[in-house]
Structures are given as C-alpha cells and as structure tokens.
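Residue strings, one per chain:
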Amino acid sequence: MSDATTIVLFRDDLRLNDHPALTAAMDRRGRIIFVFVLDDDAPGDWKPGGASRWWLHHSLASLQSDIAARGGRLVLRRGATAKVLSKLVDETNATEVLVSRAYEPWAMRLEKELNDILAGGDIKLRRFAGRLLHDPDKLETQAGGFYKVYTPFWRAMSKTDIRRPTDAPKSLKRATTEIPGDDLDDWALLPTKPNWARGFEDVWTPGETAARQRLREFLDQDVASYGTNRDRPDLPATSRLSPHLHFGEISSATCWRAARAHAANHPEADAGVETFLKELAWRDFSYHLLFHSPTLPDAPFRDEFGRFQWADDDEMLACWQAGRTGYPIVDAGMRELWATGWMHNRVRMIVASFLTKDLLITWQHGERWFWDCLVDADLASNAASWQWVAGCGADAAPYFRIFNPVTQSRKFDPKAEYIKRWVPELSQLPPQLAHAPWEADDEELCRAGIALGKDYPRPVVNHAAARKIALSLYDDLK
Ligand code: FAD
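Moving on: the packing of helix 5 (residues 150-159) against helix 10 (residues 270-292). Put simply, helix 5 and helix 10 touch, their axes get as near as 10 Å, and they point 110° apart. By the angle class used here, helix 5 and helix 10 are roughly perpendicular. Residues Tyr150, Phe153, Trp154 and Met157 of helix 5 touch helix 10, and the partners they reach there are Glu274, Leu277, Lys278, Ala281, Trp282, Asp284, Phe285 and His288. When the residues that make up the contact of helix 5 with helix 10 are grouped by side-chain class, the tally is 8 nonpolar, 1 polar and 3 charged.

Okay, helix 13 (residues 345-358) next. Over its 14 residues, helix 13 runs 19 Å from end to end, which matches the ideal 20 Å to within 8%, given 1.5 Å per residue. Helix 13 sits mainly inside the fold: 13 of its 14 residues count as buried. At the exit of helix 13 stands Leu360, carrying a positive phi of roughly 55°.

Here the focus is the side chain of Asp284. Considering the arrangement of structural elements, one finds Asp284 in helix 10. One buried charged side chain, Asp284, makes no salt bridge at all; its nearest oppositely charged neighbour is Arg283, positioned 4.7 Å away. At 3.1 Å, the side chain of Asp284 and the backbone nitrogen of Leu133 are in polar contact. Every residue in contact with Asp284, bar those within four places of it in the chain, is listed here: Leu132, Leu133, His134, Phe153 and Met157.

What follows covers the domain arrangement of the protein. Structurally, the protein comprises domain 1 (5-130), domain 2 (132-163 + 208-292) and domain 3 (303-473). Taken together, the contact between domain 1 and domain 3 spans 12 residues of the former and 9 residues of the latter. Counting the surface domain 1 buries against domain 3, the share from its top three residues, Trp46, Ala51 and Ser52, is 58%. The interface formed by domain 1 and domain 3 contains 4 residue pairs in polar contact (both at pLDDT 80 or more). Here the element with the most residues in the side of domain 1 that touches domain 3 is helix 2 (residues 50-69); it accounts for 5 residues.

Turning to the site of the ligand, a few remarks are in order. Around the ligand sit 27 residues in total, of which Tyr226, Thr238, Ser239, Arg240 and Asn345 are the nearest. Within the contact set of the ligand, an oxygen atom lies 2.5 Å away from a side-chain nitrogen or oxygen of Tyr226. In the environment of the ligand, an oxygen atom lies 3.0 Å from a nitrogen or oxygen atom belonging to the backbone of Ser242. Here the ligand has 820 Å² of accessible area as a free molecule, and 96% of this is covered by the chains.

So, on to the pattern of salt bridges. Inspection of the entire model under this criterion finds 27 salt bridges. Measuring nitrogen to oxygen at the nearest pair gives 3.1 Å for the salt bridge that ties Arg77 to Glu91. Of this pair, Arg77 sits in strand 3 (residues 74-78) while Glu91 sits in helix 3 (residues 81-92), and the two are 14 residues apart along the sequence. Exposure remark for Arg77: the relative accessible area of 11% places this residue in the buried category. When its relative accessible area of 37% is taken as the criterion, Glu91 is described as partly exposed. Of the charged contacts in the structure, one is a salt bridge between Glu104 and Arg131, with a shortest N-O distance of 2.9 Å. Taken together, the residues span a long stretch of sequence, with Glu104 in the loop between strand 4 (94-100) and helix 4 (105-120) and Arg131 in the loop between strand 5 (124-128) and helix 5 at a distance of 27 residues. Across the pair, exposure class does not vary: Glu104 and Arg131 are buried alike.

Our focus in this paragraph is the packing of aromatic side chains. What the rule picks out here adds up to 31 aromatic pairs. With a centroid separation of 4.3 Å and an interplanar angle of 50°, the aromatic rings of Phe308 and Trp310 are classed as tilted. Owing to a relative accessible area of 7%, Phe308 belongs among the buried residues under this scheme. On the basis of an interplanar angle of 70° and a centroid distance of 6.1 Å, the ring pair of Trp320 and Trp386 is categorised as edge-to-face. Within this pair, whereas Trp320 is found in helix 11 (residues 314-322), its partner Trp386 is found in helix 15 (residues 379-390), the two being separated by 66 residues in sequence. When sorted by exposure, Trp320 lands in the same class as Trp386, which is buried. One residue, Arg368, lies across the ring of Trp46, its end atom 3.7 Å from the ring centre.

Definitions and limits used
Residues numbered from 1 in each chain as written. Predicted model: local features only at pLDDT ≥ 70, side-chain atom pairs only at ≥ 80, totals over all residues. Heavy atoms only, no water. Axes fitted to C-alpha atoms, helices over the stretch in contact; angles between N-to-C directions. Helix = DSSP H or I, 4+ residues; strand = E, 2+ residues; numbered from the N terminus. Parallel < 35°, antiparallel > 145°, perpendicular 65-115°, else oblique. Contact = heavy atoms within 4.5 Å. Nonpolar A, V, L, I, M, F, W, Y, C, P; charged D, E, K, R; others polar. Expected span 1.5 Å × (residues − 1). Buried < 20%, exposed > 50% of the residue type's maximum accessible area, 1.4 Å probe, protein only. Lys, Arg positive; Asp, Glu negative; His and termini not counted. Salt bridge = Lys/Arg side-chain N within 4 Å of Asp/Glu carboxyl O. Polar contact = N/O pair within 3.5 Å; in protein donor to acceptor, adjacent residues only side chain to side chain. Domains from an automatic or database assignment. Buried area = accessible area lost by both parts, 1.4 Å probe. Near = heavy atom within 4 Å. Areas by Shrake-Rupley, 256 points an atom, 1.4 Å probe, with all protein chains shown as cover. Phe/Tyr/Trp six-rings, centres within 6.5 Å; stacked < 30°, edge-to-face > 60°. Lys NZ or Arg CZ within 6 Å of the ring centre and 35° of its normal.

Below, the structure written as structure tokens:
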C-alpha cells in the first residue's frame, strides 16, 4: 500500500460499479483524483458526434452527482489528454494514473503516448480491462490468429469465465480535492441554436442509475420474449442499453451476469437470455475485429471492395438522411434516428441495405451519418455493422442479400404501427398500403388525405430494378 496520490482517468467508463481501475485506486492509500478530459483532437476524424455529445453532457452530470453523493469530486479538464495529465501529475505529485483500456486505434495510440510521457517522470500508467466481456487480444483461433467469423468466436467466448462485477464504493471522501476544473456547462456539449435534441429528453435518461434500472426492467419485463420479438420495431422488445453500454454507465459483464442469474430463477426466460447474451457477444466481436483490423472504420475489410464503383449522389444521400425516400420503413427509421438518436436494429439493417444496395451509396457515408446522429455511436459496432450490411466486412451478409424494404416492413411491422408513428402522413392508410403507398389507387389515397409526390414522396428508386443493378455490380467484383 502506498500513501501517494492516485489519478483515475475516466473515459467511456462513466460508472462507479464494476470499475476495475476505480477498485484498484480504492485499494491504495492516500488521495485519489478523479478526472475526465474532453480531448477533441486525439480522435481525429472520429471525435464524438452531436448526439453523443448530448449524451456525454448528461452522463458526466450524473457521474459528478453520484461521486459528490459519496463525498468526492470529479475534476473536468479540456485539451490534449497527455498534456493535461502530465500537468495534473505535476500539480498533485501523483505517482500512478489508472485507466480502463480502450480499443479505438486513436485511444490505443494515446495510451502509449501517455505511458511514455509518464514513464519519463517515473509515474506508472496502469491499464485495466473493463469495457468488454473479454479483452480482444485474449481470444485467438487454434491457428493463433483472430476470429473473422462470429459463430466460432461466440463458441470460444461463451466457454470462458466472465468477471464477477464489484459494487460501487460506499464512500469516496478520499476523492475530494480543491484542484480546479472546468464547469461542465462551459463545454457547450448541448445543442442550443436550434436545440435539435429536444426529443431525446422524452426517451432517454443518461447515467448509471438509469442504466441499472433499464437492465432490471428489461430482464423483468421483456427478456423472456426477446428471442421472438427482438426484430419487431413496433414493440418495445429490446433492451435499449446500447448508449448506456457505449458510455460505460453499465458494464457488459454486469449485464451478462444479471441475465444469467435471471435465467437461473426464471427458466421460461432461458431462450431469451441466451439470445441476449449472443447480442452482447456481437459487441465484443466488433471490438475484436477493430482491435485486429484498426482500419475497419475507414476502409473495407475485404480488399476487393476498394474497387467498387459507388454512386456519388448528394441528392439521394440527402433524401435518405431526411427520411424522404418514399419507402416508408426506411423513412420511419431515418426519422426515428433524427428525433431520438436511436434506431431499432432491424431497421438499421434495412436502411443500411437501402443506402448501399438500392442507392449504391458507399457505406462510409451511412457510417458517418450514424456517427453524428446516434446516441450509441460506437466506432467498433458501427463500422463492423455497416461493413456487414454492405457485404465488405468480416463474416458479412453475402452480397446477394439485399433487403426488400416492403417485404421486411410487412413481416416485422405487421400493422404498420412503427411506420405510422414516424411517418404520420401515412397514418390514415390501411396497414397493407402504408407499407407501399404507391400501390394505393387514387380513391384510397384521397380517402387517406395524401397526394403522393406532394404530402409524401414517390419512391426515389424502383427497388426491383435497383436490386438487379446492385447484383450485377457486386457480381463484377467476384
Ligand atoms: P439489444 O437487442 O437489447 O442488444 C443488447 C446489446 O447488445 C446492445 O445494447 C448492444 O450493445 C449489443 N448489440 C446488439 N446487437 C449488436 C450488433 N449487431 N453489433 C454490436 N453490438 C450489438 N450498435 C451500437 O452500439 N453502436 C453503433 O454505432 C451501432 N451501429 C450500427 C449500425 C448498423 C448499420 C447496424 C445494422 C447496427 C448497428 N449497431 C450499433 C448494432 C445494433 O443495432 C445496436 O447495438 C442495437 O440496435 C441497440 O439496441 P438495444 O440496446 O436495444 O439492443
């Protein structure tokens, strides 16, 4: 045990429970300094987008008050992390800096830079695994490589032990400090002119307490039917834990363990829990891919896609972004995204397929738009998922899998309730026609009070024709 000062650097681990770096700091004697650094330079092109900044503001406010309730304080600083940290070390005579490991390529570079700078002053940087179920460098194939296919990854992963989460410290009085820090409001993370995030407040409560409550509610109410209902965007069937997980307000180990414990007491929920765990494992798989293939956010995993002739069509891209493609399920998804910072997984796949295969616009434009609009924007999951849908990723959907937006919406939104929620222009159409308003005749449209092309767009492409073109272009790659 040492009496020296320890710094805990918070990043995407904005919680007090199951926080290995925090636990290690509590095991040392002496003063603890909690710091969060807003560093917009280190991520380069991948600094948090608008919706993430909204979440970050509220999540930090929540962490500040959770720490204050235990007698401690979170210091906020802004600037290049390595510089800010070395200055803080000088100011406080800290001897150790503790941090949760991150896996974004820029964050790993930063850890190395920080390590080198601190080592020069004889200060230790200690890194702890806490973000994932498994460190991406711990699992390897029998041949000694990394997994490129999900199923064997899942098989290997599900056999290993998942860490037992620790409880939040009861007191953080050792983390009280007079060291100056910024005022959160001065960071201006929230949009003001205009406040486009107004709708987010009705849907989300960022912070650790809300994350834990969300998990509890999901397990008590929805996990038993998760296996059958998770593809239905009209139902509140999935956990909606993704932003909480991204910002580390709850750990995936906590979710994993709680879900397993729930299944042990509720055998009827066993199948739903198993499916939920497999989804959590997709998150780990995405990080596994990013760790071993750091260009994943910027370049196709499969080299041949570097030659693909994507369309350069700003007008179509704008229609897609605004939810004005004339395909109701696509437009509903894009409008849900804009209004709430989130979109249902099935609809994410449909809109991504539409962008890349019907409009032939590169997945990178979609990835960027999601990055800016999603409250759960996550470098690993976003890049891996976009590449999966576009067909250029590891273990990707085969190129000939082109989602038919009408078939998909009839299957997964049978009463068109999701569509009508987000595309209210179509609310008076019978469900069958709300999926494909161009199939309605003049009388039906008139009864529903819609003039196609005026109140709601006609389809910007013909899906059947677009599909044929996409297939031939993808064929040329073979
Ligand atoms: P649940 O169904 O309740 O799943 C539980 C958790 O498992 C999720 O919170 C998430 O952390 C993880 N998970 C579920 N599905 C996936 C998946 N396919 N890949 C990785 N993790 C998964 N997810 C993000 O967290 N951030 C992103 O930026 C992101 N971008 C995506 C982009 C596209 C084009 C697609 C098709 C999917 C993307 N996903 C992303 C994955 C998935 O859509 C979301 O994780 C999920 O919809 C979140 O809702 P939920 O929390 O209710 O999920």
